[in-house]
Structures are given as C-alpha cells and as structure tokens.
Amino acid sequence: MEHLDVLVVGAGLSGIAAAHHLQEKCPWARYAIFEARDAIGGTWDLFRYPGIRSDSDMFTLGYSFRPWDGAKAIAAGSDILQYIKDTAAAEGIDRQIRFGHRITSADWSSDDACWHLTVARTAPDSGDVTESHLTANFLFSCSGYYRYDRGYVPDFPGMDDFGGQIVHPQFWPEDLDYAGKRVIVIGSGATAITLVPSMAREAGLVTMLQRSPTYMGSVPTRNPVARAARKVLPAPAAASFLKWTNALATQGMYRVSKKRPELVKRIMRKGLERELPPGYDIDTHFTPSYDPWDQRVCAVADCDLFRAIRKCTVDV
C-alpha cells in the first residue's frame, strides 16, 4: 500500500499554495495533490460564466511567494487561472498532481497514527473508475467552498413547467445564446453583479431579482497606486507594499464600518447617488436592512453594473 507524508486535496489556488510551502519548508516530505477533476485551477477553471473575475484585489488574493504582476487588480478569471498554472509549472508542482483522483473515504487510525484513504480513480480516456487504498500522515484539505458536481438550486414551484431555459452559473453551457432575450438573474451577490452587466451587453433586458439588497461600491479594475509603486520601487518591494496597503485598507474599512456604521452608510449612498440615474429608488434596491460588513460588501468593477442600469439594459 502506498504511503505519503502529506496528501493535499485539490489543485486549486489553495492546493498549489500548500504544495509550495511543503516543498520549501519540508523538502523531505513525500506528497501528492489529488484532484477529482482533470484540470488545475479549481473554481477558476470550473466557472465559465460571462465576465467571471475576482471580487477581491489580486495583490491581496495572490501568492506572497509569487506576487501578482498583472495590470488589473480586479482580474478576469482566465488571467487568474493562468497565474495558478504558471505558478504550478514554475515550481514543478504540476508534476505532483494526480488528476481524476477523488477521495471517497478518510479514516484516522490512532493505532497506526495515520490516515487510511480510499480513492476512486477515473481513467481519462475510457472514464472507467477503479478503487485504490493508501495511507498518509497528514491530510491537507484544500477543497474549497463548493460542491463541484452539483450547484445549489432551490426548488421553485413551477420550474418544471417553465418554457424558457434555466441555467446555473456553475455549469454554464458554452453555446448558450441569450442575444436579445429577457433574462432574470436570481440573487445580488458577487456572482450576480459580475454576470448581470456582462450579459446585458447582448441580452435584450437583464433583471437582477433579489430577496434583499446588498451593499455595493464601485472599484477600479486598475489600481493607480499599483502603477505608481511599480514605477518607483523594485519589484519585490512594490509587491510587498501593495499587498500590505490593500490588506490594511480593507481592514481599516471594516473597522470603521463596525464603529461608525451610519457614517459608512452615508458615504456609500453618496457613491450610489453619483453612479445611478437621478431619482433612482436607492432605498428600495440598494439599501440593506443591516449595517455595512455585517455581510460582505460587493465590488462593482469600473461601475459596469451602474452604467448598465443607466443605459436601461439592466433592471433591479
């Protein structure tokens, strides 16, 4: 039976980071990354819906050991995927990934002081599944938030009788044609505010249907501070400066929101008044019942959602 010092679950953003630190801090350790799918990247490979991008700045989200050097702080999903692939290739991590390996059981044995694992392996060509067993001293789960084989779909009455097409962003059809059509996007979180303005460029009308409003604020995709820092500082110093500047700014905003929520509400409302059409019903559509950062604040990239509302291609 094969034995590993460390078994990393998942070859996404976190799994590649885990492998880097293992190679750097524990070069003696024999490890492997087990990836149930057939590709590197996790979320950034799985999700293919229009406009997919980061909703955090990449100077903070990116690896400390390989700083983000892209032009955009709010980056396209394809750029993030390539960043993960390049990182894995540069350090030989991609050679430690076993694709099509899904862990079906993991049992800790106190007698053996190790994990006993059962793995279902899917052959890439035939699709045949075989089962194998191995042990590991340490199980490092980097499997992310999502259930990759099935996105959550509420059971709305009448779905079976609906004459149109129902699509989940997690399984976006490559040939989906929505040009000139009326589209409803259910929800107003990070996925919705990315998807809605992107679809509005081709659809007839996109309606964002929300149970309750979400706090939103416009952010530039290109950080002007980043351009300046990269001009005057060496690359490593600029990367460290940008990472800490963005991280501390976010923490600062969070702390102010907790201490002075009414002040932050007024500031965010002023921003919405500038971006939305005159007289727009902000109270109904963009004023949550909770305080800022009681739930996550969503980043609207380059005002794209608000511009689409002004053009009347998006309704809320």
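In this text the structure is predicted, and so the values were computed from the model without any measurement. Position labels on residues start from 1 in each chain and follow its written sequence. Side-chain atom pairs in this predicted model are given and counted only at pLDDT of 80 or more, local residue features only at pLDDT of at least 70, and totals for whole chains, interfaces and linings cover all residues. Remark: hydrogens and water are excluded; side-chain values derive from all non-hydrogen atoms of the structure.

**Details of the sheet that holds strand β6 (residues 129-141)**
The following threshold applies: For two strands to be treated as a pair, DSSP must find no fewer than two bridges joining them. Strands are runs of DSSP state E lasting at least two residues, helices are runs of H or I lasting at least four, and both sets are numbered from the N terminus onward. Each axis is a line fitted through C-alpha atoms, taken for helices only over the stretch in contact, and angles between the N-to-C directions span 0 to 180 degrees. Should any heavy atoms of two residues lie within 4.5 Å, those residues are considered in contact.
The sheet built from six strands is open, its strands ordered β3-β2-β1-β6-β5-β4 with mixed pairing. In the strand order of this sheet, the two ends are held by β3 (97-99) and β4 (101-109), each with one partner. Direction aside, the axes of adjacent strands within the sheet are offset by 40° on average. As judged from the four bridges shared by strand β1 (residues 2-9) and strand β2 (residues 31-35), these two strands associate in the parallel manner. Paired with L7 across the strands is A32, a residue of β2. Of the strands in this sheet, β1, β2, β3 and β6 are in contact with helix α1 (residues 13-25), which crosses β2 at around 175°.

**Examining the layout of surface pockets**
Our working rule: Site definitions follow a grid-based scheme: protein atoms alone, a 1 Å grid, a 1.4 Å probe that fits but cannot get out for cavities, and for pockets an open set with protein on both sides within 12 Å along at least five of seven lines, plus lining residues having an atom within 4 Å of a point. Grid points are joined across faces, edges and corners, and a volume is the space filled by probe spheres set on the points. For this scheme, ten residues count as nonpolar: Ala, Val, Leu, Ile, Met, Phe, Trp, Tyr, Cys and Pro. Four count as charged, namely Asp, Glu, Lys and Arg, and the remainder, Gly too, count as polar.
By volume, the second largest pocket is sized at about 360 Å³. Surrounding the second largest pocket, 13 residues form its lining, S188, G189, R211, S212 and T214 being those nearest its centre. Grouping the amino acids of the lining of the second largest pocket by side-chain chemistry returns three nonpolar, seven polar and three charged.

**Focus on unusual backbone geometry**
Comment: phi is negative for the bulk of residues other than glycine, and the bulk of peptide bonds are trans. Convention followed: Accessibility here uses a 1.4 Å probe with only protein chains present; expressed as a share of the type maximum, an area under 20% marks a residue as buried, one over 50% as exposed, and anything in between as partly exposed.
One non-glycine residue with positive phi stands out, namely A113, at about 55°. Mapped onto the fold, A113 is located in the loop between β4 and β5 (114-122). By relative accessible area, A113 is classed as partly exposed at 45%. Positive phi is not limited to glycine here, since W293 has a value of about 70°. Inspection of the secondary structure assignment puts W293 in the loop between α9 (282-285) and β10 (298-301). Its relative accessible area of 25% is what places W293 among the partly exposed residues.

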